[in-house]
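For reference, the chains in residue letters:
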Amino acid sequence: MLGPVILAASRSDRLRRLISAAPVTKQVVDRFIPGEDVDDIVPVIRKLTGQGLELTMDVVGEDMTNPAQAVAARDAYLELVDRLKPLELGTRAEMSVKLSMFGQALQDGHELALKNVRPVVEAAAEIGTTVTLDAEDHTTLDSMFAIHEELRKDFPQTGCVIQAYLFRTEDDARRLAASGSRVRLVKGAYKEPASVAYQDRQEIDRAYVRILRTLMEGEGYPMIGSHDPRLIAIGQELAHRAGRKPDEYEFQMLYGIRGEEHLRLAAEGHRMRVYTAYGTDWYGYFMRRLAEKPANLRFFARSVITRG
């Protein structure tokens, strides 16, 4: 019941100011966002890859209000590519981008986002890695999929994200599974109306399994984005039934959540990729982490009470 309330709060400037100013907030946010700039994050990359894990890096930020901010977002990712190059990690450290950061919601936003994200995809390819386009709210998806299709003409390894709670996603999965693309499946973490999305958690879980089966039986590369132990076990079983080898799919989880499970899956020979966000504009990302998992909210509340 609290999820929609928290998601609404993620858009509130007043709550943003209150939460950002709270003394306890930084200590709690650090659990999910391990740094504010690329200098902070390079040691994290070294540590996680040294543990046999892989990463997808996200420079947090959304809701750009002018083209200059979108260019700055592009440049932040290009700086990340420059810092990844000497590490020679290849696809063990890829990047995730939200097209809203690249100007998608501005005037002529589709063309602007494509113009700004393309240099990042090109730079990533030059160092042997790739980029995944994150899914945002349902109104942005037609543009995101069109940009994904355009980028894949030159960079076929470019990935995208689909969200199980949306009614449209089963059709999207069938199309993408046949294309040979890289597809991350998540439950979904935006407040969506009942006209376009399942509202019941059990219905979302059932849709997740149906969609994951489609991806596993298709020709693409499935990326299982979930912390749910039951869905992880189902993913392993579906991969086995589809005859997939361990390097033909992967698991993805968020930095700061179920870290022991990250290591367990990697030790068992699975590809385990940690979604690692960094940056100063962390508020929207942080609030969605609270909304999508009650345990995260309890952790935050307990920390506030204890430190208060």
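Further up the page is the structure itself.
Scope of this entry: the structure provided in the associated data block. From a predicted model like this one, the values you see are computed outputs, not experimental measurements. (Residues numbered from 1 in each chain as written. Predicted model: local features only at pLDDT ≥ 70, side-chain atom pairs only at ≥ 80, totals over all residues. Heavy atoms only, no water.)

**Points about the overall build of the chain**
Convention followed: Numbering of helices and strands runs from the N terminus, with a helix taken as a DSSP run of H or I at least four residues long and a strand as a DSSP run of E at least two residues long. Exposure is judged per residue with a 1.4 Å probe applied to protein chains only, and the accessible area is read against the type maximum: over 50% gives exposed, under 20% gives buried, and values in between give partly exposed. Residues count as neighbours in contact if any of their non-hydrogen atoms are within 4.5 Å of one another. Here the Shrake-Rupley method, with its probe set to 1.4 Å, supplies the accessible areas, and only the displayed protein chains count as covering residues.
A tally of regular secondary structure across the chain gives 13 helices and eight strands. Each of the 308 residues in the chain was classed as buried or not, and the buried ones make up 53%. Restricting to contacts in the chain with at least 6 residues of sequence separation, those with at least 24 account for 73%. Surface exposure of the chain reaches about 14100 Å², of which carbon and sulfur atoms provide 52%.

**Some words on the pairing of strand β5 (residues 182-186)**
Look at any regular strand and the pattern is simple: side chains alternate between the two faces of the sheet. Put simply, the test is: Between any two strands, at least two bridges found by DSSP are needed for them to pair. With the strands pointing away from the viewer, any crossover whose connection runs clockwise from the first strand over the helix to the second is right-handed.
Across the five residues that make up β5, a large majority, four, are buried. Where strand β4 (residues 159-163) meets β5, five bridges bridge the pair, whose relative direction is parallel. From the neighbouring strand, Ile162 faces β5, where its bridge partner is Leu185. What joins β4 to β5 is helix α8 (residues 169-177), and the crossover it makes is right-handed. Summarising the sheet, β5 and strand β6 (residues 221-225) pair through four bridges and their orientation is parallel.

**Observations concerning the sheet that holds strand β1 (residues 54-59)**
We count it as follows: Note on method: axes are straight lines fitted to C-alpha atoms, helices fitted across the in-contact stretch only, with angles between N-to-C directions ranging 0 to 180 degrees.
Pairing within the closed barrel is parallel, and its eight strands lie in the order β1-β2-β3-β4-β5-β6-β7-β8. Along the sheet, successive strands turn relative to each other by an average axial angle of 30°, direction set aside. Lying over the sheet, α8 contacts β4 and β5, oriented at roughly 155° with respect to β4. Relative to strand β7 (residues 250-254), helix α11 (residues 259-267) is tilted by about 165°, and along the sheet it contacts β7 and β8 (272-278).

**Re the packing of aromatic side chains**
Our working definition: Stacked, edge-to-face and tilted labels apply to pairs of Phe, Tyr and Trp rings (six-membered ring for Trp) whose centres lie within 6.5 Å, assigned for plane angles under 30 degrees, over 60, and everything in between, in that order. Counted as over-ring charges are cases with an Arg CZ or a Lys NZ within 6 Å of the ring centre that also lie within 35 degrees of the ring normal.
Under the counting rule described, the total for this entry stands at three aromatic pairs. Here the aromatic rings of Phe167 and Tyr198 are separated by 4.8 Å at their centres, their planes lie at 80°, and the arrangement is edge-to-face. Of this pair, Phe167 sits in the loop between β4 and α8 while Tyr198 sits in the loop between β5 and α9 (201-217), and the two are 31 residues apart along the sequence. Note on Tyr249 and Phe251: the rings are 5.9 Å apart at their centroids and 80° apart in plane angle, and the pair reads as edge-to-face. Here Tyr249 matches Phe251 in class, with each residue buried. One cation-aromatic arrangement involves Arg175 over Phe145; the distance from NZ or CZ to the ring centre is 4.9 Å.

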